[in-house]
Amino acid sequence: MNSKLKTSLKVLGVTGLAGFVGVGATATIIGTHWISQAPMLTKQMLKTDSSSKMYDNNNQLIWQSSNMKRQYVKYNDLPKGYVDGLISVENKTFFKDHGVNLKSVAGAAADNILHKGVSSDGTQRGGSTITQQLIKLTAYGTGTQFQTYKRKTQEMYLAYNLTNTFSKKQILEFYVNKLYEGHNVYGAQTIANYYFGKDLKELSLSQQALIAGIGQSPSVFDLYGDKQAIKLTTQRRNVVLAAMLNNQKITKAQYRDAVKTKITDGLLPQNQQIQQVEQVTRQDQAYIGSALKQVKDLGYDYQRDGLIIHTALNQKMQDIVTDKINNSSAYKGMDDVQSAATITQPNTGYVLAQVGGRHLGDSLFGLNRATQTNRSSGSGIKPLIDYGPAIQYLGWGTNHLLSDTPYTYPGTNIPLTNFDMGYRGAITMREALALSRNIPAARTLDAVGGTRASAFLDKLHLPNKGDKTGGSDAIGIDASTSQMAAAYGAVANGGLMNTTRYVTNIETPDGKVQQTPNHQEQAMTQGTSYSLISMMKEVFKKNYTGQNAVIDGLAQAGKTGTVGYDASVGMPAGAVMDTWVNGFVKGASISLWTGYDQPNKQSIPASLETNDQFVYKDIMNGIKGMVDTTDWQPQGVKDLGNGYFLKTDNKVVTTGVVPVNQHYTNTAPLMQQLLTAHEQAKVKKHATKAEKKQALKAKQVKAKSWSIPKVPSSSSSSSSSSSSSSSSSSSSSSEQGNDTAETKVNN
């Protein structure tokens, strides 16, 4: 091994051992071991660009980071001004060194030890030559997970070998064609044409110096950026020109003329740049955007690292969702209405499809409505914030009797009403869920308490207010389709929650494949899961809230949701702002949202508020042949008869909690009581005129002008509520079956 290379390995060995252990045998042994694991590099690998590519679950390309075909430039076609500028500012010893600049390496190592990688002037210090940068772009990438002493040692070794294999001119040619230059463009010749419509050799000295400098940080040095970006880009060009002057590559006169030149001289208008994006990328853009965010969250730089990204996207499902959302006749009469959907796989957590809006046209990576978290879930949250925790922590059976009678939020004078402004008296939890009654839901959350409810939501990765969860949270929280689909996927999966993942694995340039991590958690017992499923099956039956989504013979369960308006907004009677259908089978969980982007200006008419169920039905019919649709078998429950179940798979702790009612193991007395209750309820099927008048006059409390009404949240573990509202209000749900004609306010 070359003696200079040995010296550099010793320096890296000391740093890698995080102390002054010695620069002799120990460092050499470690370095030799790391070198033996270095990747192999080929000429083809060095010549190809460093763009990343993304594939669906059938290995079909759906996205690549380069949006403009790379224009490869030979070394002999590189203008002297550009080469001089690049060498002067990045690696002035390039044509003399052996791929490694030992002085820079030693300085960087000292800074790593003494100043945590920051040099005395406050800037980051790496010590890499152009040859090392080429290796980094080819074999490793630039993400934080690649910044290790092992990689640095391998990089130095490969740089030394590369210098002995290829000429300096070849190495520089590889490098300038592989550089990421911003705007999804790779290579110096390509960015020259992107910005100025000319080849490098046709550019002025000022422009060549600019191109030579932007590769260091293309997201910062951007000619199409704001004023600050233009200022920084100008400074960077001037740094390159100053380096050229100091290295005697240009004269003082040339320097003065170049620095006086306006940085945007000759710049093409940005709208003339045609982004060569395939139609499939436009169609899948919501999914791709979510997947890229996950890649970034994992510490990778997909713009510069040359990644091969494999996803769980099922293109057939994606096509079905896209078609139904864009073309369903159910949206006729709702001009400009938007819709979004996510489909997850319950037993893995993988997202199989995601559509972020209707009729997106030529827009690319705009608002993804499938992941927005500023719209209320409406009643779609009731099984997860109210009834699920009651089963899990209080041991309630699905036959548990609840009171659907006049109610005000604890500690306030704010009444809560149902969508029909009436009451049903004693009602089972199963019936209350299926009919989406608001008052029983609120009473259930009171009994559960904010601490337990938030703990339940935490395990389902749903947003919550901690122990302050309560009040109107019982009938709606802000959430996204991706969150709702994932949470209900856990219910479908026996209570086992998986990490929501778009990406299955990532292959780095060195050929290593990293599987995306999955953190599984038992969010609820199987008994709780099955109890919820048994109740939510009722939703998709005639005369219940999801009756337009009934699919004969299909074992599906779910929950609908609707969000209405404050009377002060002035929308037509019964109009709603958001509608939801959350439904699942054993092998897929779907969450569908519908609404307007500006809900204070446009609303969904009362007559069309359940039309989204037809869209959901079409989607489910389209995908059901691709997933497991077998029925769930009872797990962790006791069958009480007549479709009622009691969870039996863990000990229930109810200390300090006053149960609203008792459990029934003998259904005959229960049914008799229910019959009596329903007979009594007929008298008050609708509230008295005086009560209706009082409720309708009450002003609803709202946290924002177009969200679900907010009322004080519970801060205890039982049924109390904290804080008071600024005004009295009436909040109610807009959830109905086909056999009713209710006045809708909120759900």
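Quick caveat, the model's predicted, so the values are computed rather than measured.

Before we go on, may I ask you to explain the overall build of the protein in this structure?
Helix and strand counts for the protein come out as 24 helices and 20 strands. Per-residue burial for the protein yields a buried fraction of 57% across its 747 residues. Approximately 30,400 Å² of the protein is accessible, and the part contributed by carbon and sulfur atoms is 49%.

Is there a simple way to think about the environment of Gly450 in this case?
In this fold, Gly450 is placed in helix α19 (residues 450–459). For Gly450, a relative accessible area of 0% translates into the label buried. With 16 residues separating them in the primary sequence, Gly450 and Gly466 have C-alpha atoms 6.6 Å apart.

In this structure, what is going on with the pairing of strand β17 (residues 576–585)? I would like to understand it.
For β17, the buried fraction is high: 10 of the 10 residues fall into the buried class. In terms of strand pairing, strand β16 (residues 557–564) meets β17 through eight bridges, oriented antiparallel. By the bridge assignment for β17, Gly558 is matched with Gly583. Across eight bridges, the pairing between β17 and strand β18 (residues 588–595) is antiparallel. Bridged to Asp578 within β18 is Gly595. Connecting β17 to the next strand, β18, in antiparallel fashion are two residues.

How should I be thinking about the packing of aromatic side chains in this particular structure?
Remark: the centre distance and the inter-plane angle together describe each pair of aromatic rings, the angle taken between the planes. In total, this model carries 15 aromatic pairs according to the counting rule given. Residues Tyr530 and Phe645 carry aromatic rings whose centres are separated by 5.1 Å and whose planes lie at 90° to one another, so their mutual orientation is edge-to-face. Taken together, the residues span a long stretch of sequence, with Tyr530 in helix α21 (residues 526–536) and Phe645 in strand β20 (residues 644–647) at a distance of 115 residues. In this structure Tyr530 comes out as buried when scored by relative accessible area, which is 10%.

Got a minute to help me understand the nonpolar core in this structure?
In summary, soluble globular proteins display a tendency toward joint burial of nonpolar side chains. Counting 92 residues, the largest nonpolar core has Ile343, Leu384, Tyr387, Leu460, Val491 and Phe584 as its most contacted members. What Tyr387 contacts, discounting residues up to four positions off in sequence, is Lys382, Leu402, Met429, Ala432, Leu433, Arg437, Pro440, Ala441, Thr444, Leu532 and Met535. One finds Val83, Leu162, Ala188 and Leu200 within the second-largest nonpolar core, a separate group that totals 52 residues.

Before we go on, may I ask you to explain the side chain of Gln189 in this structure?
Looking at the element boundaries, Gln189 is found in helix α9 (residues 188–196). Given the relative accessible area of 9%, Gln189 is considered buried. In terms of polar contacts, Gln189 uses its side chain to reach the backbone amide nitrogen of Leu200, at 2.8 Å. Aside from chain neighbours lying at most four places away, what touches Gln189 is Gln71, Val73, Asp199 and Leu200.

Looking at this structure, how should I read the side chain of Asp420?
Residue placement: Asp420 occurs in the loop between β10 (415–416) and β11 (425–428). Asp420 gets classed as buried once you look at its relative accessible area, which sits at 10%. Within the structure, Asp420 has its side chain in polar contact with the side chain of Arg437 (distance 3.0 Å).

Would you take a moment to explain helix α16 (residues 382–394) for this structure?
Think of an α-helix as turning once every 3.6 residues; residues three or four places apart then point the same way. The largest bend in α16 amounts to roughly 35° and is located at Gly388, with the proline Pro389 lying one to four residues further along. Burial runs high along α16: 13 of the 13 residues are buried.

Honestly, the sheet that holds β17 in this entry has me stumped. Any pointers?
Either a parallel or an antiparallel arrangement is found when strands of a sheet pair, and the pairing is made through backbone hydrogen bonds. If you walk across this open sheet you meet the five strands as β7-β6-β18-β17-β16, and the pairing is antiparallel. The open sheet terminates on both sides in strands that have one partner only, identified here as β7 (351–355) and β16. Neighbour to neighbour, the strand axes of the sheet diverge by 10° on average, direction disregarded. Judged from the seven bridges that link them, strand β6 (residues 338–344) and β18 form a sheet pairing that is antiparallel. From the neighbouring strand, Ser339 faces β18, where its bridge partner is Thr594.

Would you take a moment to explain the pairing of β6 for this structure?
Burial analysis of β6 places seven of its seven residues in the buried class, the great majority of the element. The alternating pattern of β6 places Gln338, Ala340, Thr342 and Thr344 and Ser339, Ala341 and Ile343 on opposite faces, both of which are buried. Examined bridge by bridge, β6 and β7 share four bridges and lie antiparallel to one another. Within the sheet, the bridge partner assigned to Thr342 lies in β7 and is Gln354. Connecting the antiparallel pair β6 and β7 is a turn made up of six residues, with Gly349 showing a positive phi of about 85°.

For this particular structure, what's the right way to read the sheet that holds strand β5 (residues 308–311)?
Ordered in space as β2-β1-β5-β13-β14, the five strands form an open sheet in which the pairing is mixed. Where the open sheet ends on each side, the last strands, each with one partner, are β2 (61–64) and β14 (513–515). Each strand of the sheet is rotated relative to its neighbour by a mean of 20°, with strand direction disregarded. Summarising the sheet, strand β1 (residues 53–55) and β5 pair through three bridges and their orientation is parallel. Residue pairing in the sheet places Tyr55 in a bridge with His310 of β5.

Which parts of the structure should I look at to understand the packing of α16 against helix α18 (residues 438–448)?
Geometrically, a packed helix pair is captured by the angle between its two axes and the distance between the axes. Two numbers describe how α16 lies on α18: the axes approach to 9 Å, and their chain directions differ by 45°. Taken together, the axes of α16 and α18 lie oblique to each other. Like other packed secondary-structure pairs, α16 and α18 cross with a definite hand, here left-handed. The segment α16 lies against α18, with Lys382, Ile385, Asp386, Tyr387, Pro389, Ala390 and Leu394 engaging Asn438, Pro440, Ala441, Thr444, Leu445, Ala447 and Val448.

Is there a simple way to think about the confidence of the model for the protein in this case?
Low-confidence regions, as indicated by low pLDDT, have predicted coordinates that should not be scrutinised in detail. Looking at the protein as a whole, the pLDDT averages 82, with 77% of positions reaching at least 70. Contacts of residues 10–23 to residues separated by more than four positions or lying in other chains number 27 contacts, the stretch itself having pLDDT below 50. For residues 736–747, every residue scores under 50 in pLDDT, and the model assigns this stretch 50 contacts once sequence neighbours within four places are set aside.

When you look at the pattern of salt bridges in this model, what are you seeing that I'm missing?
Pairing between side chains of opposite charge can happen when the charged atoms of each approach one another. Overall, the coordinates contain 12 salt bridges when judged by the stated rule. Here Lys324 makes a salt bridge to Asp323, at a shortest N to O gap of 3.7 Å. The exposure class assigned to Asp323 is partly exposed, which follows from its relative accessible area of 34%. With its nearest N and O atoms 3.0 Å apart, the salt bridge here joins Asp420 to Arg437. Of this pair, Asp420 sits in the loop between β10 and β11 while Arg437 is found in the loop between α17 (429–434) and α18, placing the two residues 17 residues apart along the sequence.

Where do I start with the environment of Leu394 in this structure?
With respect to the helices and strands, Leu394 occurs in helix α16. Note on Leu394: relative accessible area 6%, which makes it buried.

What's the story with α9 in this structure? I'm lost.
Within α9, nine of the nine residues are buried, leaving the element largely enclosed by the surrounding structure. Along α9, the positions that sit buried rather than exposed are Ala188, Gln189, Thr190, Ile191, Ala192, Asn193, Tyr194, Tyr195 and Phe196. On the buried face of α9, the contacting elements are α4 (80–90), α8 (168–178), β3 (180–182), β4 (185–186) and α10 (205–214). The positive-phi residue at the C-terminal boundary of α9 is Gly197, with phi of around 70°.

Quick question: what am I supposed to make of the environment of Gly213 here?
Mapped onto the elements, Gly213 comes out in helix α10. Counting along the chain gives 131 residues from Gly213 to Tyr82, while the straight-line C-alpha distance between them is 9.5 Å. Non-local contacts of Gly213, meaning those with residues more than four positions away in its chain, are made with Phe221, Arg236 and Val240.

Reading the values: the criteria
Residues numbered from 1 in each chain as written. Predicted model: local features only at pLDDT ≥ 70, side-chain atom pairs only at ≥ 80, totals over all residues. Heavy atoms only, no water. Helix = DSSP H or I, 4+ residues; strand = E, 2+ residues; numbered from the N terminus. Buried < 20%, exposed > 50% of the residue type's maximum accessible area, 1.4 Å probe, protein only. Areas by Shrake-Rupley, 256 points an atom, 1.4 Å probe, with all protein chains shown as cover. Pairing = 2+ DSSP bridges. Phe/Tyr/Trp six-rings, centres within 6.5 Å; stacked < 30°, edge-to-face > 60°. Core = buried A, V, L, I, M, F, W, Y, C linked by side-chain atoms within 4.5 Å. Contact = heavy atoms within 4.5 Å. Polar contact = N/O pair within 3.5 Å; in protein donor to acceptor, adjacent residues only side chain to side chain. Bend = angle between axes of the 7 residues up to and from the residue. Axes fitted to C-alpha atoms, helices over the stretch in contact; angles between N-to-C directions. Parallel < 35°, antiparallel > 145°, perpendicular 65-115°, else oblique. Left-handed = near helix turned anticlockwise from the far one by under 90°. pLDDT = per-residue confidence, 0-100. Salt bridge = Lys/Arg side-chain N within 4 Å of Asp/Glu carboxyl O.

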